[in-house]
Amino acid sequence: MTKQLTTTPKQDGFRMPAEHEPQSGVWMAWPERTDNWRYGGKPAQATFVEVAKAIAQTTPVTMVVSASQFENARSMLPSDIQLLEMSTDDSWMRDIGPSYVVNDKGERRGVDWHFNAWGGLVDGLYFPWDKDDAVARKVCETLGDNSYRAPIVLEGGSIHVDGDGTLYTTEECLLHPSRNPDLDRAQIEEVLKAYLSVEKVIWIPQGLYNDETNGHVDNLIHVVRPGEVVLTWCEDDTDPQYNISRMAMDALLTQKDAKGRQIKVHKLPMPGPLFISEDEASGVDASDGMERVPGERLAGSYANYLISNEHIIYPLLDETRDGEVASLLSELYPGYQITGVDAREILLGGGNIHCITQQIPQI
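Read on for an overview of the structure. (Residues numbered from 1 in each chain as written. Predicted model: local features only at pLDDT ≥ 70, side-chain atom pairs only at ≥ 80, totals over all residues. Heavy atoms only, no water.)

Listed as buried for helix 11 (residues 322-332) are Asp322, Val325, Ala326, Leu328, Leu329 and Leu332. Looking down the long axis of helix 11, one finds its buried residues gathered within 165° of arc, a one-sided arrangement. (Buried < 20%, exposed > 50% of the residue type's maximum accessible area, 1.4 Å probe, protein only. Helix = DSSP H or I, 4+ residues; strand = E, 2+ residues; numbered from the N terminus. Arc of directions from axis to C-beta.)

Dropping the structure here:
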């Protein structure tokens, strides 16, 4: 029987592994929220299927789905993708699922963060969010893993780790008044160190321009390996992203990682800029929290890819850039399979491939 532990992962000798370490599975959640996904979620569902199929080439996939959508999802998904009935408020498994930690004895446990829909009553995207907040514990129980209920609000997309003591995040998100307003930077660092066993937190000022998650780090950078990252780069000095990318570069180059390494930064081209079309906006139900209006700038980024068992699943977002990105990823990850999936429908919902997936480490 699984339980929620009252110790911390650090006390128990557990650490969060990097995404490039071996995985036993990837979890996703079925999209159907009509005030986020256009036309009743149908185009997004087709895209989630393609992402799941791509991942399943190298890693088993589990898709959670509501009771009302179970038969529809089962008919659309290949038989080798496990389908599990579970209630959610939306479908961002990176942010609502557990962050897993492992030890050197072949054991794993989940970290269950508090979730408040990217900002709670201050600037959250929807209410209520209680079903989403329960997902991490349910995943852990389903897999038979014990878990820790961490004492802060945090989404999985707001952190990246290198598996070697370093965590990357943005000030914009983790220090935002809608997350943990009673805690300062040093106190948040202490929680991250206790629950993920990291030794050093690298702070980047801002996330991607117009990212409604308050600047998740996974939409700006990705960790290639310890001491090495890719960073979304913009060459147009009239674009708001231009200065954001340069501030990020400066932050990365002026801080050392946990092992004292100078961080190597690779520039990853930015798609677009991309905007919501009239047709795309017209298919979404109106709501208070989410901006789905014609002309709204989309937070498009190639950094929002998933690494799973020597396989990169990356978003196809701009045909003038997609091939260049594939070449760069091939250079950075020699021997890895590189698979692109047309991901505009996920982007229209406010994120991308990394945001809709959560890996489970191999033990």
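Its location among the elements puts Asp211 in the loop between strand 10 (200-204) and strand 11 (221-225). One buried charge, Asp211, has no salt-bridge partner; the nearest side chain with opposite charge is Arg179, at 7.9 Å. Not counting residues within four places of it along the chain, the set of residues in contact with Asp211 comprises His216, Asn219 and Ala299. (Lys, Arg positive; Asp, Glu negative; His and termini not counted. Salt bridge = Lys/Arg side-chain N within 4 Å of Asp/Glu carboxyl O. Contact = heavy atoms within 4.5 Å.)

This brings us to the packing of aromatic side chains. Under the definition given, this model contains eight aromatic pairs. Ring centres of Trp37 and Phe48 lie 5.6 Å apart, and the angle between their planes is 85°; this geometry places the pair in the edge-to-face category. Of the two residues, Trp37 is situated in the loop between strand 2 (23-29) and helix 2 (42-55) and Phe48 in helix 2; the sequence distance between them amounts to 11 residues. For Trp37, a relative accessible area of 1% gives the class buried. Here the aromatic cluster, defined as three or more aromatic residues joined through ring pairs, consists of Trp37, Phe48 and Trp92. (Phe/Tyr/Trp six-rings, centres within 6.5 Å; stacked < 30°, edge-to-face > 60°.)

On the secondary structure map, Cys140 appears in helix 6 (residues 130-143). Sequence-wise, Cys140 and Lys10 are 130 residues apart; in three dimensions their C-alpha atoms are separated by 19 Å.

The subject of this paragraph is helix 9 (residues 240-253). For helix 9, built from 14 residues, the straight-helix expectation of 20 Å at 1.5 Å per residue is met to within 8% by its first-to-last C-alpha distance of 21 Å. Listed as buried for helix 9 are Gln241, Ile244, Ser245, Ala248, Met249, Ala251 and Leu252. Buried residues of helix 9, viewed axially, fall in a sector of 165°; they line one side. Packed against the buried residues of helix 9 are strand 9 (166-170), strand 10, strand 11, strand 12 (228-233) and strand 13 (264-269). (Expected span 1.5 Å × (residues − 1).)

Turning next to the pattern of salt bridges. A side chain of one charge can pair with a side chain of the opposite charge when the charged atoms of the two come close. Overall, the coordinates contain 22 salt bridges when judged by the stated rule. For Arg108, the salt bridge is made with Asp145, and the minimal N-O distance between the two is 2.9 Å. Here Arg108, found in strand 6 (residues 108-114), pairs with Asp145, found in the loop between helix 6 and strand 7 (147-153); they are 37 residues apart in sequence, far enough to count as distant. On the basis of relative accessible area, Asp145 is assigned to the buried category, the value being 7%. Here Arg179 and Glu155 are joined by a salt bridge, their closest N and O atoms 2.9 Å apart. Pair noted here: Arg179 is in the loop between helix 7 (171-174) and helix 8 (185-196) and Glu155 is in the loop between strand 7 and strand 8 (160-161), with a separation of 24 residues, a long-range link. Looking at Arg179, the relative accessible area reads 5%, which means it is buried. The exposure class of Glu155 is buried, given its relative accessible area of 0%.

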